[in-house]
Amino acid sequence: GAVVSQHPSRVICKSGTSVKIECRSLDFQATTMFWYRQFPKQSLMLMATSNEGSKATYEQGVEKDKFLINHASLTLSTLTVTSAHPEDSSFYICSASLILDNEQFFGPGTRLTVL
Amino acid sequence: DQQVKQNSPSLSVQEGRISILNCDYTNSMFDYFLWYKKYPAEGPTFLISISSIKDKNEDGRFTVFLNKSAKHLSLHIVPSQPGDSAVYFCAASRGGDYKLSFGAGTTVTVRA
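Structural notes, computed from the coordinates. Just so you know, these numbers come straight off a predicted model, no measurement behind them.

This part covers unusual backbone geometry. Following His7 of chain A, the chain continues into Pro8 of chain A via a peptide bond in cis, with omega recorded as 0°. The omega angle of the peptide bond from Val78 of chain B to Pro79 of chain B is -5°, so this bond is cis rather than trans. Within the secondary structure, Pro79 of chain B sits in the loop between strand 8 (72–77) and strand 9 (86–93). Positioned with a positive phi, Ala41 of chain B is a non-glycine residue whose angle comes to about 65°.

All names here are of chain A. As summarised here, the arrangement of the 4 strands in space is 1-3-8-7, forming an open sheet in which the pairing is antiparallel. In the strand order of this sheet, the two ends are held by strand 1 (4–7) and strand 7 (67–73), each with one partner. Ignoring which end each strand starts from, the neighbouring axes of this sheet average 15° apart. The sheet contact formed by strand 3 (residues 19–25) and strand 8 (residues 76–81) spans 6 bridges and is antiparallel. The partner of Ile21 across the bridge, within strand 8, is Leu79.

Once that is clear, we can look at the interface of chain B and chain A. Each partner contributes to the interface: chain B provides 15 residues, whereas chain A provides 18 residues. Across the chain B to chain A interface the summed buried area is about 1300 Å²; carbon plus sulfur atoms make up 63%. Three residues, Tyr98, Lys99 and Phe102 of chain B, lead the burial of chain B against chain A; their summed loss comes to 41% of the area buried on that side. Taken together, the links from chain B to chain A amount to 1 salt bridge. Of the charged contacts, one joins Glu59 of chain A and Lys99 of chain B as a salt bridge, the two residues approaching to 3.0 Å between their closest N and O atoms.

Bringing the environment of Leu112 of chain A into the picture now. All names here are of chain A. Structurally, Leu112 can be placed in strand 11 (residues 110–114). Note on Leu112: relative accessible area 1%, which makes it buried. A C-alpha to C-alpha distance of 22 Å links Leu112 and Gln60, two positions 52 residues apart in sequence. What Leu112 contacts, discounting residues up to four positions off in sequence, is Val11, Cys13, Val19, Val81, Asp88, Ser89, Ser90 and Tyr92.

Now for the nonpolar core. Residues Val4, Trp35, Phe67, Leu79, Tyr92 and Leu112 of chain A are the most contacted members of the largest nonpolar core, which totals 25 residues. Within the residue set of this core, elements represented by two or more residues are strand 2 (10–13), strand 3, strand 4 (30–38), strand 5 (45–51), strand 7, strand 8, strand 9 (90–98) and strand 11 of chain A. Of all hydrophobic cores here, the second largest spans 23 residues; its members include Cys23, Tyr25, Leu73 and Leu75 of chain B.

Here we take up the side chain of Thr110 of chain A. All names here are of chain A. Along the chain, Thr110 turns up in strand 11. For Thr110, a relative accessible area of 0% corresponds to the buried category. Among the polar contacts made by the side chain of Thr110, one reaches the side chain of Gln6 at a distance of 3.2 Å. When neighbours within four sequence positions are excluded, Thr110 is seen to be in contact with Gln6, Pro8, Ser9, Val11, Ile21, Ser90, Phe91 and Tyr92.

It is worth spelling out a nonpolar patch on the surface at this point. Together, Ile18, Ile20 and Val78 of chain B line one region of the surface with nonpolar side chains, adding up to about 230 Å² of accessible area. Positionally, Ile18 of chain B belongs in the loop between strand 2 (10–14) and strand 3 (19–25).

It is worth spelling out the sheet that holds strand 3 of chain B at this point. Strand pairing in a sheet takes place through backbone hydrogen bonds and is either antiparallel or parallel in direction. All names here are of chain B. Taken in spatial order, the 5 strands make up an open sheet running 1-3-8-7-6, and their pairing is antiparallel. One side of each edge strand has no neighbouring strand; the edge strands of this open sheet are strand 1 (4–5) and strand 6 (56–59). The pairing of strand 1 with strand 3 spans 2 bridges and is classified as antiparallel. Each bridged residue has a counterpart across the sheet, and for Val4 the counterpart in strand 3 is Tyr25.

Criteria and thresholds
Residues numbered from 1 in each chain as written. Chains lettered and ligands numbered in written order. Predicted model: local features only at pLDDT ≥ 70, side-chain atom pairs only at ≥ 80, totals over all residues. Heavy atoms only, no water. Helix = DSSP H or I, 4+ residues; strand = E, 2+ residues; numbered from the N terminus. Pairing = 2+ DSSP bridges. Axes fitted to C-alpha atoms, helices over the stretch in contact; angles between N-to-C directions. Contact = heavy atoms within 4.5 Å. Buried area = accessible area lost by both parts, 1.4 Å probe. Salt bridge = Lys/Arg side-chain N within 4 Å of Asp/Glu carboxyl O. Buried < 20%, exposed > 50% of the residue type's maximum accessible area, 1.4 Å probe, protein only. Core = buried A, V, L, I, M, F, W, Y, C linked by side-chain atoms within 4.5 Å. Polar contact = N/O pair within 3.5 Å; in protein donor to acceptor, adjacent residues only side chain to side chain. Patch = residues over 30% accessible without salt bridge, like charges linked within 9 Å, V, L, I, M, F, W, Y side chains within 5 Å. Areas by Shrake-Rupley, 256 points an atom, 1.4 Å probe, with all protein chains shown as cover.

Listed below in structure tokens is the structure:
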């Protein structure tokens, strides 16, 4: 099956620093990648949709200058949390869609803790 | 505003018995519904789906039922097995939109 990886799986950082999370589709080309955030005991909330080679589309309420998304190739998308604060601590998960297919394959997620 | 709700955060069931997971939605535009299964330290994996033109879809031990008038769907797992212990997410989308709206998940524990 289609495999999506994320790196790192866990990251702890100080308030004010920036953190980059990578999402890779390992065995397929993904035209579209999605970034979600999940707070404890809450649902996965879509943050943004990114298409290879174009700007990401952000959901309402998500600050595009704070959560920078780059989808430079068909196998890699990155999410950078800039000037992270404790309230950004969350579980971030990405998914990827195959070309011509809208089924989403999810990565294992990244646990971000901002001190 | 959470459009997909899973009101039971956890479910414990004995091995061999039926597990019933429930999901409610508020957006009448949703026309495609999915269930995902998630093990610890792994991403959600697709389990089964149903289109709004159907009221039932079956795949082996898993059956999803859709009641459009009640805006309710359920996932039945029978018989339940220890390997079914996981978090189950309900998700919905509308009209070919790739965006998924998720519920908060239900943690299923299958007791031996």
